[in-house]
Amino acid sequence: MQQSLAKIVGANWVKTRPSELAAYDADGLPGHRATPSLAVFPGTRDELIQVVRELAKTGTPFVPRGAGTGLSGGSLAEDVVLLGLQRLTRIISVDPVNRTARVEPGVVNVRLSRATLPHGLHYAPDPSSQTACTIGGNVAENAGGPHCLKYGVTLNHIVECEVILPDGTLTRFGNAHGETDGYDLLGLFIGSEGCFGVATEITVRLVPNPDAVHTLLASFASVDAAARAVSRIVATGIVPAALEMMDNATIRAVEASIYTAGYPIDAAAVLLCEVDGMHEGLDEDVAIIRRCCEESGASDVRVATAEADRMRLWQGRKKAFGAMGRIAPSLVVQDAVVPRTKLPEVLARIDAIAQHHGVKVCNVFHAGDGNLHPNIPYDANNAEENDRVHHAMSEIMQACIDAGGTITGEHGVGLDKLPYMERLFSAASLDAMCRVRSVFDPDRRANPGKVVPVRACREWHGTAGVTSPRDGSAHAVA
């Protein structure tokens, strides 16, 4: 297998040595490790297609991977081929008239908006990792970001994907004009976490840059008061471009780091709220949001209109996860969604769970969407602490489910959330997911063992006898 792949991409782009593969044994989530059998990095669309067809010819399982910034262990390859897409970085075309762009899957998210800036357009989904994550990875995970409250997640901004299916068939889902016809296969593909195939080209929808943007920072003496302000703002009918919350633990982590944003370190929580659009009416929206915050108990509300001031406020939010790196060597970033009205109740429950298990939870999340990110800094090499973190996270996820929520808003299921799938979905629902997966990949060779628990999909039967690319032996893939 190594030789046949090297003939396609060149020997330098097939990695087999343990020292080379070590760079790919984790994604953005510590606690899960897996070493691929080899890693292959096609440099063109045609090479990518040839590689997938070569893998299909030999029945070899593989895991597609973008920048590896995922937070669910979704791009880990355990003794199977890792298919790296980060060399496919071309912005093929920008169509400002139809407000679309055609890109390769390895294009870094923020680079696309920089390229379309001269046309007065941008690509709206903006995960916190947007300076590193790729559009292809965003499609696989149906990524979100702070501005998805108003603009929607990745699904709302993709109009067409050219896809190489696991059996080597090249096809297209959606169309370049964004019109729907027949079954929504594009909708099925987006968020399929690499289990349905690999995008070779992606056509995205672009949106106009707003005339004006105002960003507010409101400080509160309690998390509960900040959560009440969220509901009060949403109830006015105003749809902020972003509505983010950070608790005191997060504020202190940011302000002690190089990403300091001027957040008040004595506040129990802050809300970062942004409105954008035409100049006319924007000041009124700001006044209404300010009033909502003050009526909910805000001790201070600042408004930033200058670009530099706004960027500084956002720097703290976007780099919050990085700032937590000063607290402990490892960080688990969890992802769940609850109804907005349940935020005060669930946040109180998370605090009680943290105290019970003696762990430190830092909350920084998309409050407007009810999309929680309870984060725990810890030492993954400390077995006792690792065990406490595991139990705390399990109880937090159950609390979110009990509140009527779900287990992922934007990070996907991957490996990390497999244990929660059977808490949330019935056997019949899981069986339906398996049947859908079988349409695209009946042999379960694409990102095997992810999203749906193995026993639910009976993957041991589906993948038994596939050939190991490392030693040529037959093995089953979970």
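Rules and cut-offs
Residues numbered from 1 in each chain as written. Predicted model: local features only at pLDDT ≥ 70, side-chain atom pairs only at ≥ 80, totals over all residues. Heavy atoms only, no water. Helix = DSSP H or I, 4+ residues; strand = E, 2+ residues; numbered from the N terminus. Rg over C-alpha atoms; globule rule 2.2 N^0.38 Å. Buried < 20%, exposed > 50% of the residue type's maximum accessible area, 1.4 Å probe, protein only. Contact = heavy atoms within 4.5 Å. Phe/Tyr/Trp six-rings, centres within 6.5 Å; stacked < 30°, edge-to-face > 60°. Lys NZ or Arg CZ within 6 Å of the ring centre and 35° of its normal. Axes fitted to C-alpha atoms, helices over the stretch in contact; angles between N-to-C directions. Left-handed = near helix turned anticlockwise from the far one by under 90°. Nonpolar A, V, L, I, M, F, W, Y, C, P; charged D, E, K, R; others polar. Pairing = 2+ DSSP bridges. Expected span 1.5 Å × (residues − 1). Arc of directions from axis to C-beta.

S.K.: Just to check I follow, could you spell out the overall build of the protein for this structure?
M.R.: Each helix and strand in the protein was counted, giving 18 helices and 22 strands. The C-alpha atoms of the protein give 22 Å as radius of gyration, which agrees with the globular expectation for 478 residues (23 Å, within 12%). For the C-alpha atoms alone, the extent of the protein along its principal axes is close to 65 × 55 × 45 Å. In the protein, buried positions account for 55% of the 478 residues. Considering only intrachain contacts with a sequence separation of at least 6, the fraction spanning at least 24 residues in the protein is 70%.

S.K.: Sorry, what's going on with the packing of aromatic side chains here?
M.R.: For any two aromatic rings, the description comes down to two numbers: the centre-to-centre distance and the angle of the planes. In total, this model carries four aromatic pairs according to the counting rule given. With centroids separated by 5.4 Å and ring planes inclined at 45°, the aromatic side chains of Tyr 24 and Phe 41 adopt a geometry described as tilted. Taken together, the residues span a long stretch of sequence, with Tyr 24 in the loop between helix 2 (18-21) and strand 2 (38-40) and Phe 41 in the loop between strand 2 and helix 3 (45-57) at a distance of 17 residues. Grouping residues by exposure puts Tyr 24 and Phe 41 together as buried. Aromatic rings pair up to connect Phe 173, Phe 189, Phe 196 and Phe 440 into one cluster. It is Lys 15 that lies over the ring of Trp 13; its NZ or CZ is 5.6 Å from the centre. Across from the ring centre of Trp 13, 3.7 Å away, lies the NZ or CZ of Arg 87, which sits over that ring.

S.K.: Before we go on, may I ask you to explain the packing of helix 8 (residues 223-235) against helix 10 (residues 282-295) in this structure?
M.R.: Helix-helix packing is characterised by the crossing angle of the two axes and by the distance between the axes. Closest axis-to-axis distance for the helix 8/helix 10 pair is 8 Å, and the angle between their directions is 145°. Regarding helix 8 and helix 10, the two cross each other, and that crossing is right-handed. Between helix 8 and helix 10, the residues in contact are Ala 229, Arg 232 and Ile 233 and Ile 289, Cys 292, Cys 293 and Glu 295, respectively. For the contact of helix 8 with helix 10, the residue count by class is five nonpolar, no polar and two charged.

S.K.: Explain the pairing of strand 8 (residues 158-164) to me, please; I cannot follow it from the model alone.
M.R.: Within a regular strand, the side chains alternate between the two sheet faces. Of all seven residues in strand 8, seven are buried; the element is thus mostly enclosed. Where strand 8 meets strand 10 (residues 198-205), six bridges bridge the pair, whose relative direction is antiparallel. By the bridge assignment, Ile 158 is partnered in strand 10 with Val 204. Joining the antiparallel neighbours strand 8 and strand 9 (residues 170-174) is a turn of five residues, in which Gly 168 adopts a positive phi near 95°.

S.K.: In this structure, what is going on with helix 13 (residues 343-357)? I would like to understand it.
M.R.: Spacing of three or four residues puts side chains on the same side of an α-helix, whose turn is 3.6 residues. For helix 13, with 15 residues, the first-to-last C-alpha span of 21 Å sits near the 21 Å given by 1.5 Å per residue. Of the positions making up helix 13, those classed as buried are Leu 343, Val 346, Leu 347, Ile 350, Ile 353, Ala 354 and His 357. Take helix 13 and look down its axis: the buried residues cluster within an arc of 120°, on one side only. Along helix 13, exposed side chains directed more than 90 degrees from the buried face belong to Gln 355 and His 356. Phi for Gly 358, located one or two positions after helix 13, is positive at around 65°.

S.K.: Looking at this model, I keep getting lost on the sheet that holds strand 15 (residues 300-304). Mind explaining?
M.R.: Sheet strands line up and pair through hydrogen bonds in the backbone, either parallel or antiparallel. On the basis of which strands lie adjacent, the open sheet formed by seven strands has the order 15-12-14-13-18-20-16 and antiparallel pairing. Every interior strand has two partners, whereas the edge strands, strand 15 and strand 16 (330-333), have only one. The mean angle between the axes of side-by-side strands here comes to 20°, regardless of whether they run parallel or antiparallel. Two strands pair when backbone bridges link them, and strand 12 (residues 212-220) and strand 14 (residues 269-277) are joined in this way by nine bridges, in the antiparallel orientation. In the strand pairing of strand 14, Ala 218 is matched with Leu 271. Where helix 8 meets the sheet, it contacts strand 12, strand 13 (242-247) and strand 14, and its direction lies at approximately 175° from that of strand 13.

S.K.: How should the environment of Gln 315 be read in this particular structure?
M.R.: Its location among the elements puts Gln 315 in helix 11 (residues 307-318). Along the primary structure Gln 315 and Thr 260 are separated by 55 residues, whereas in three dimensions their C-alpha atoms are 7.8 Å apart.

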